[in-house]
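If you want the building blocks of each chain, they are given just below.
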Amino acid sequence: PWSAERATAVIAANRHLRGALLPMLHALQEEFGCIDEEAIPLLARELNLSRADVHGVVSFYHEFRRSRPGRHTIKVCRAEACQSMNADGLIEHIRRRLKVDFHETTADDAFSLEPVFCLGNCALAPAVMVNETLHGRVSPARFDAITASTLA
Ligand code: FES
């Protein structure tokens, strides 16, 4: 869990590094599993940056997570072939069902939702990958069945 005290120590330990923001962000993510919102002002103060600057860097680099990863990762394809097979409708269903948006984790920590641009499964659009398993022609009902069996 988040601890401002530990975050401050992690930040201090990387203070001497050149371009310290990136090493600090990596170290924080390693410690906490994500970049907590509360780390932003600590970093800004330490490096004499605005909060917006720090936010900008965190969102620029896709490897930085804004919330702790869930036990399972769901990647939903947003690229063209899937779009043409109503990926948006599926995504709408997933958002409602899991009550999360992209880059977020469900309240029970079970699933993280990530967008992806082509899973190489275009012939079987819309495509979804759950952990390492690829699923094609995913309807809302199939999506529910897949997540249920992932948790079983
Ligand atoms: Fe979705 Fe290729 S466009 S798998």
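Conventions used here
- Residues numbered from 1 in each chain as written.
- Predicted model: local features only at pLDDT ≥ 70, side-chain atom pairs only at ≥ 80, totals over all residues.
- Heavy atoms only, no water.
- Pairing = 2+ DSSP bridges.
- Helix = DSSP H or I, 4+ residues; strand = E, 2+ residues; numbered from the N terminus.
- Contact = heavy atoms within 4.5 Å.
- Axes fitted to C-alpha atoms, helices over the stretch in contact; angles between N-to-C directions.
- Core = buried A, V, L, I, M, F, W, Y, C linked by side-chain atoms within 4.5 Å.
- Buried < 20%, exposed > 50% of the residue type's maximum accessible area, 1.4 Å probe, protein only.

Visitor: Would you mind going over the sheet that holds strand 4 (residues 128-130) with me for this structure?
Guide: Sheet strands associate in pairs through backbone hydrogen bonding, adopting either a parallel or an antiparallel arrangement. Taken in spatial order, the five strands of this open sheet run 2-3-1-4-5, and their pairing is mixed. The open sheet has two edge strands with one neighbour each: strand 2 (104-105) and strand 5 (133-135). As paired elements, strand 1 (residues 72-77) and strand 3 (residues 111-116) share six bridges and run parallel to each other. When the sheet's bridge partners are listed, Ile74 is paired in strand 3 with Leu113. Most of the contacts of helix 6 (residues 87-98) go to strand 1, to which it runs at about 155°, and overall it touches strand 1, strand 3 and strand 4.

Visitor: Before we go on, may I ask you to explain unusual backbone geometry in this structure?
Guide: Glycine aside, the phi torsion of most residues is negative, and most peptide linkages are trans. In the segment running from Ala125 into Pro126, the intervening peptide bond is cis, with an omega of -5°. Among the secondary structure elements, Pro126 is positioned in the loop between strand 3 and strand 4. Positive phi outside glycine occurs at Asn131, with the angle close to 55°. As for its placement among the helices and strands, Asn131 is situated in the loop between strand 4 and strand 5.

Visitor: Where do I start with the nonpolar core in this structure?
Guide: One finds Ile11, Leu25, Leu28, Ile35, Leu43, Val54 and Val58 to be the most contacted residues of the largest nonpolar core, which totals 18 residues. When residues of this core are traced back to their parent elements, those giving at least two are helix 1 (4-13), helix 2 (21-32), helix 3 (39-47) and helix 4 (51-60). In contact with Val54, other than residues within four places in its own chain, are Leu21, Ile40, Leu43, Ala44 and Leu49. Core analysis: the next-biggest nonpolar cluster, separate from the first, contains 16 residues, Val76, Phe111, Leu113 and Val130 among them.

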